[in-house]
Amino acid sequence: MSTSTVRSWGLRPAASEDLEVMAELRAVVMRPDLERLGRYDEHRVRQRLRDSYVPEHTSVVVTEGDGTVSGCVTLRPSEDGWWLENFYLAPELQGRGIGTSVLTGLLARADAEGVAVRLQVLQGSAARGLYERHGFTLEREDPVDVYMVRRPRA
């Protein structure tokens, strides 16, 4: 599989009208891991994003030229840094360096501000490897979720 991007892409601020496209993207991306864990629910997988969606903390990955929503990521402020949430990329674009590029940019912002970034990933998810390659370490885990942190770099 090629690791180069096939299409040009960019980030733009999310808007309220992006919600349903992002909820559908979440359902598609998370389905294999949720089914493996015996936790897939057709309604709940979409509703969890709807319930937590805050456009002002979310960016949308778009395909340049046609503006197709191809992914999203939320960086929510917390007491001691940021929570990285709702980081989804369309399956056909995974493995092409886009997620790495988005994450690298977000972590550079966190480092510049001197704040930690935390996230939660499903047990057994391939995304955990991406996070570990970028310096995230285990904070705690349970049978379903892994909680990770990345401290700011100097």
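This section reports on the structure supplied with the text. (Residues numbered from 1 in each chain as written. Predicted model: local features only at pLDDT ≥ 70, side-chain atom pairs only at ≥ 80, totals over all residues. Heavy atoms only, no water.)

### Let's talk about unusual backbone geometry
Right, on to step 1. One non-glycine residue with positive phi stands out, namely Asn86, at about 50°.
Right, on to step 2. In this fold, Asn86 is placed in strand β4 (residues 81-89).
Right, on to step 3. Judged by relative accessible area, Asn86 falls into the buried class, the value being 12%. (Helix = DSSP H or I, 4+ residues; strand = E, 2+ residues; numbered from the N terminus. Buried < 20%, exposed > 50% of the residue type's maximum accessible area, 1.4 Å probe, protein only.)

### Digging into helix α2 (residues 44-52)
Right, on to step 1. Along α2, the positions that sit buried rather than exposed are Val45, Arg46 and Leu49. Buried residues of α2, viewed axially, fall in a sector of 100°; they line one side.
Right, on to step 2. Those residues of α2 that are buried lie in contact with α1 (19-36) and β4. (Arc of directions from axis to C-beta. Contact = heavy atoms within 4.5 Å.)

### Side note on the pattern of salt bridges
Right, on to step 1. Overall, the coordinates contain 12 salt bridges when judged by the stated rule.
Right, on to step 2. Where Arg12 meets Asp18, a salt bridge forms, and the shortest distance between an N and an O atom there is 2.8 Å.
Right, on to step 3. For Arg12, a relative accessible area of 28% gives the class partly exposed.
Right, on to step 4. Residue classification places Asp18 among the buried residues on the basis of a relative accessible area of 6%.
Right, on to step 5. Between Arg31 and Glu35 there is a salt bridge, with the nearest N and O atoms lying 2.7 Å from each other. Remark: Glu35 and Arg31 occur in helix α1; sequence separation between them is four residues, near one turn of the helix.
Right, on to step 6. Each member of the salt-bridge network shares a partner with another, and the members are Glu24, Arg31, Glu35, Glu42 and Arg46. (Salt bridge = Lys/Arg side-chain N within 4 Å of Asp/Glu carboxyl O.)

### Describing the pairing of β4
Right, on to step 1. Judged by how many residues are buried, β4 sits mostly within the fold: eight of nine residues are covered.
Right, on to step 2. Pairing of strand β3 (residues 69-78) with β4 involves seven bridges; the strand directions are antiparallel. The residue bridging Pro77 from the neighbouring strand is Trp82, located in β4.
Right, on to step 3. In this antiparallel pair of consecutive strands, β3 and β4, the connection spans two residues.
Right, on to step 4. The sheet contact formed by β4 and strand β5 (residues 116-122) spans four bridges and is parallel. Bridge assignment links Gly81 to a residue of β5, and that residue is Ala116. (Pairing = 2+ DSSP bridges.)

### Brief notes about the side chain of Ser125
Right, on to step 1. Relative to the elements of secondary structure, Ser125 occurs in the loop between β5 and α4 (127-133).
Right, on to step 2. For Ser125, a relative accessible area of 13% translates into the label buried.
Right, on to step 3. Side chain to side chain, Ser125 and Asp33 meet in a polar contact 3.4 Å long.
Right, on to step 4. If near-sequence neighbours (up to four positions away) are discounted, Ser125 is found in contact with Asp33 and Arg36. (Polar contact = N/O pair within 3.5 Å; in protein donor to acceptor, adjacent residues only side chain to side chain.)

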